[in-house]
Amino acid sequence: MASRPITEDMEELREAFSKVDTDGNGFISPNELNDLFKAANLPLPGYKVFQDLKSSDVAKTFRKAINKKEGICAIGGTSEQSSVGTQHSYSEEEKYAFVNWINKALEKDPDCKHVIPMNPDTDDLFKAVGDGIVLCKMINLSVPDTIDERVINKKKITPFTIQENLNLALNSASAIGCHVVNIGAEDLKEGKPYLVLGLLWQVIKIGLFADIELSRNEALIALLREGETLEDLMKLSPEELLLRWANYHLENAGCNKINNFSSDIKDSKAYYSLLNQIAPKGNEEGISAIDIDMTGLREKEDLKRAECMLVQADQLGCRQFVTATDVVRGNPKLNLAFIANLFNKYPALQKPENQDIDWSSIEGETREERTFRNWMNSLGVNPRVNHLYSDLDDGLIIFQLYEKIKVPVDWTRVNKPPYPKLGEKMKKLENCNYAVELGKSKAKFSLVGIAGQDLHEGNRKLTLALMWQLMRRYTLNILEGIGGGQKVNDDTIISWVNETLREAGKSSSISGFKDPKISTSIPVLDLIDAIQPGSINYDILKTEDLNDDEKLNNAKYTVSMARKIGARLYALPEDLVEVKPKMVMTVFACLMGRGLKV
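Now for a look at the structure at hand. Please read all numbers here as calculations on a predicted model, not as lab measurements.

### Thoughts on the overall build of the protein chain
Helix and strand content of the protein chain: 26 helices and 2 strands. In the protein chain, buried positions account for 52% of the 598 residues. By element, 50% of the accessible surface of the protein chain is carried by carbon and sulfur atoms, the whole surface being about 28,600 Å².

Next up, the structure:
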C-alpha cells in the first residue's frame, strides 16, 4: 500500500498497533483481536471482529479498557502537525523502565549530576531531557563516538545553548537511524511524554541490538539450523535472532520453545530455564559460578513467580526493563529489551569448531552501507532495514524511498506480502523490475546495466548505485524546496560554498568535492563559522601540518558542529578525512540548506 507521511496521529496508531500485535510479526491475527476485545469485555465471534472494528462505541470502550488495564496515561496535546486537542497516550511502564535504565547508564557521568538519578514515579524524565545533555549521552552510549563531547553545551545553559544541544541530539539520532521526522527541539524542551519515550526507545533499542549481528558476533553461528546456509542466518532481524537464541537455550534445557516475547513468557517458566542455562558455570578461569534458584517455579501465582524470577535475574545484574507485572502482562517491547540485555551480558554461545563454514563470507557492514541504511530508517521506512541487501530484495523499501523523492508509485503494480511460497521469488523479482523501470522512466536515474534481478539478489555495487542516486535526489529536493524550486547541481553547491566563505572573510575555498584540502575539515569548519559566526572554537583544533589522527579529530568535531547548528548530516568523520566525494557532497549540500535558512 502507498506510504504516507507519518504524523503524530500515525505514531499513536503505530503504538496502538504494537499493543494489538502481541507476537510482533507485523500482522494482526484474528486471535490477537479476539484476545484484546475480550480484555475490553467485548467478546465477539470471529466474523464480527472485523465487522465491528469501525464501531465508535467499540473503539471507545476498547481504548478505555486497555488504558485501564495497561497503565497507559492519556494526555492532551497540540502541535503544528496534529489537530488541536488530539489526545496522545504514553505508557507508565515504559517511563519506569527507561528511567531505571538511564539512571544506571549515566550514574557516574559528572555532566548529568543535575538530573540523575531521576525518580521513575514522577515526571522527572520529561524534564531531564529538556536541556539535551542526557539525550546526547544516551546516543553516544548506543553508538559510541556519534557525538563529539567537546560540542555538547554543558555549562552556561541558556535557551540558545539548550536549542543547540537539542539540535545536536535530534540530528545525531537521525544519523544513527532514528525516525525523528515529527519531533522538534520544542517538543523535547517541553518534555512531551509520547515523543520523548518514542525517541528514547529508538535510541535504546539501537544500542541493545548493536551486537546481535553475525559480523559482530561470530558465535551466533551456533544458532544455524540443519539445512540452513550462513546467508539464511545473516538475513534474520535482531528480533528473530533473539527468539532463536532463547529457543536454542530452551531446547538445550529440554523445555518447550516460545514463539514470542509476549504471551509465551507470561508464566516466567521459559525465563527461569533461560536464566539457568546462561548463568556462568564457573568453568572458565576467573569467572565465578552463579547458581539460579529454581524453587520460585513452584509459586502458584504468575505474579509471585515472575518476581522470584526477577530476583534471579538480579543475580546476573540483569534486572532491567521489566517488572513482574510487565512479565505477566506480556509487554512485548519491554520483554524484548529484557531479553536483549540478557543476550548482551550472557550470550553463552560457543563458536562452532570443525564445521565447514566459509568465514570469509561474513562481511561486516561498510561505512557507506551503514550510512544508507541509517538514512532510510531515519525516513521511517517500514519495515525497518536491518540488512541493506536482503531487506531490499522485494523492492517495497525502494518504492517508499521513491515516494520520499516525489516519484509517484503505481501501487496497483506492486506485489505485497505475504507472498505465495511457490511464487515468492517471482513476485519479488517483478517488484524489483518495476523499481528499476521507475528509476529510469520517472526519476531519470542513470541505471545502465542494472536489472531487477541485481536488486533482488543484492548485487552490492549496483544496489549502492541506486541508493546513492536516491539519497542524492532526496538531498537536492530539500535544497530546491528551501531555494524556491530553483534547480541545484554540484556546481551550484560549490559556487555557494565559495561565495559564502569569501563573504565571511575566510581564506579557505574548495575546487570541488574531491579537493584534498577537505581532508583537514578546515573548509567545512570555516563554512559552519560563516553560517553561524563565532560557533567554531578554533583553539581546540589543529589547522596546519595535520597527521591522520589530527585530521580525524577535526572531522569528528566538524560533523557534530554541523549537526549542532541544525544541519542533518548522515556522513561520517572518516568520509571527510578520506575525501569521499559522494558523502562530501551531502555535507556541503546539507550546510547549504542550513545556510539558506539564515
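### Quick look at empty space enclosed by the protein
Overall, the coordinates contain 2 cavities of 30 Å³ or more when judged by the stated rule. Its boundaries defined by the atoms lining it, the largest cavity holds a volume of some 40 Å³. Taken together, Trp375, Met471, Tyr474, Thr475, Arg568, Tyr570, Thr586 and Cys590 form the lining of the largest cavity. For the lining of the largest cavity, the secondary-structure elements that each account for two or more residues are α21 (460–482) and α26 (581–596). Counting residues per element, the lining of the largest cavity draws most heavily on α21, at 3 residues. Class assignment for the residues of the lining of the largest cavity results in 5 nonpolar, 2 polar and 1 charged. There is about 30 Å³ of room inside the second largest cavity. Taken together, Glu213, Leu214, Leu233, Met234, Leu241 and His387 make up the full set of residues lining the second largest cavity. Split by residue class, the lining of the second largest cavity holds 4 nonpolar, 1 polar and 1 charged.

### Let's talk about the packing of aromatic side chains
One pass over the full model with this rule turns up 10 aromatic pairs. Note on Phe399 and Tyr434: the rings are 5.4 Å apart at their centroids and 45° apart in plane angle, and the pair reads as tilted. Of this pair, Phe399 sits in helix α18 (residues 396–404) while Tyr434 sits in helix α19 (residues 424–441); the two residues are 35 residues apart in sequence, bridging distant segments of the chain. For Phe399, a relative accessible area of 0% puts it in the buried group. Site record: aromatic cluster; members linked through ring pairs are Phe399, Trp411 and Tyr434.

### Examining the packing of helix α13 (residues 269–278) against helix α14 (residues 302–315)
Between α13 and α14, whose axes approach to 10 Å, the crossing angle comes to 20°. One finds that α13 runs roughly parallel with respect to α14. Crossing hand, α13 versus α14: left-handed. On α14, the residues touching Lys269, Tyr271, Tyr272 and Leu275 of α13 are Arg305, Cys308, Met309, Gln312 and Ala313. Along the lines of polarity and charge, the residues of the contact of α13 with α14 split into 6 nonpolar, 1 polar and 2 charged.

### Observations regarding the environment of Arg225
For Arg225, the location among the structural elements is in the loop between α10 (193–209) and α11 (230–234). Separated by 19 residues in sequence, Arg225 and Arg244 have C-alpha atoms that sit 9.9 Å apart.

### With respect to the packing of α10 against helix α16 (residues 332–345)
Orientation of α10 relative to α16, taken along the N-to-C sense of each, is 30°, at an axis distance of 9 Å. Between α10 and α16, the angle falls in the class roughly parallel. The chirality of how α10 crosses α16 is left-handed. For the pair α10 and α16, the contacting residues are Trp201, Lys205, Leu208 and Phe209 in the first and Lys333, Leu336, Ala337, Ala340, Asn341 and Asn344 in the second. Taken together, the residues of the contact of α10 with α16 break down into 6 nonpolar, 2 polar and 2 charged.

### Digging into a nonpolar patch on the surface
Together, Ile478, Ile482 and Leu596 line one region of the surface with nonpolar side chains, adding up to about 220 Å² of accessible area. Mapped onto the fold, Leu596 is located in helix α26. Overall, Leu596 belongs to the partly exposed group, its relative accessible area being 36%.

### Considerations on the side chain of Thr500
Take Thr500: it is sitting in helix α22 (residues 490–503). Taking relative accessible area as the criterion, Thr500 reaches 14% and is therefore assigned buried. Within the structure, Thr500 has its side chain in polar contact with the backbone oxygen of Trp496 (distance 2.7 Å). Those residues in contact with Thr500, other than ones at most four positions away along the chain, are Leu527 and Ala530.

### As for unusual backbone geometry
Note the cis peptide between Asn382 and Pro383, where omega equals 5°. Inspection of the secondary structure puts Pro383 in the loop between α17 (367–378) and α18. Looking along the chain, the bond that leaves Pro417 and enters Pro418 is cis, with omega of 0°. With respect to the element layout, Pro418 can be found in the loop between α18 and α19. The phi torsion at Lys444 lies on the positive side, around 60°, for a residue other than glycine.

The rules behind these values
- Residues numbered from 1 in each chain as written.
- Predicted model: local features only at pLDDT ≥ 70, side-chain atom pairs only at ≥ 80, totals over all residues.
- Heavy atoms only, no water.
- Helix = DSSP H or I, 4+ residues; strand = E, 2+ residues; numbered from the N terminus.
- Buried < 20%, exposed > 50% of the residue type's maximum accessible area, 1.4 Å probe, protein only.
- Areas by Shrake-Rupley, 256 points an atom, 1.4 Å probe, with all protein chains shown as cover.
- 1 Å grid on protein atoms, 1.4 Å probe; cavity = no way out; pocket = protein on both sides within 12 Å on 5 of 7 lines; lining within 4 Å.
- Points joined across faces, edges and corners; volume = space filled by probe spheres on them.
- Nonpolar A, V, L, I, M, F, W, Y, C, P; charged D, E, K, R; others polar.
- Phe/Tyr/Trp six-rings, centres within 6.5 Å; stacked < 30°, edge-to-face > 60°.
- Axes fitted to C-alpha atoms, helices over the stretch in contact; angles between N-to-C directions.
- Parallel < 35°, antiparallel > 145°, perpendicular 65-115°, else oblique.
- Left-handed = near helix turned anticlockwise from the far one by under 90°.
- Contact = heavy atoms within 4.5 Å.
- Patch = residues over 30% accessible without salt bridge, like charges linked within 9 Å, V, L, I, M, F, W, Y side chains within 5 Å.
- Salt bridge = Lys/Arg side-chain N within 4 Å of Asp/Glu carboxyl O.
- Polar contact = N/O pair within 3.5 Å; in protein donor to acceptor, adjacent residues only side chain to side chain.

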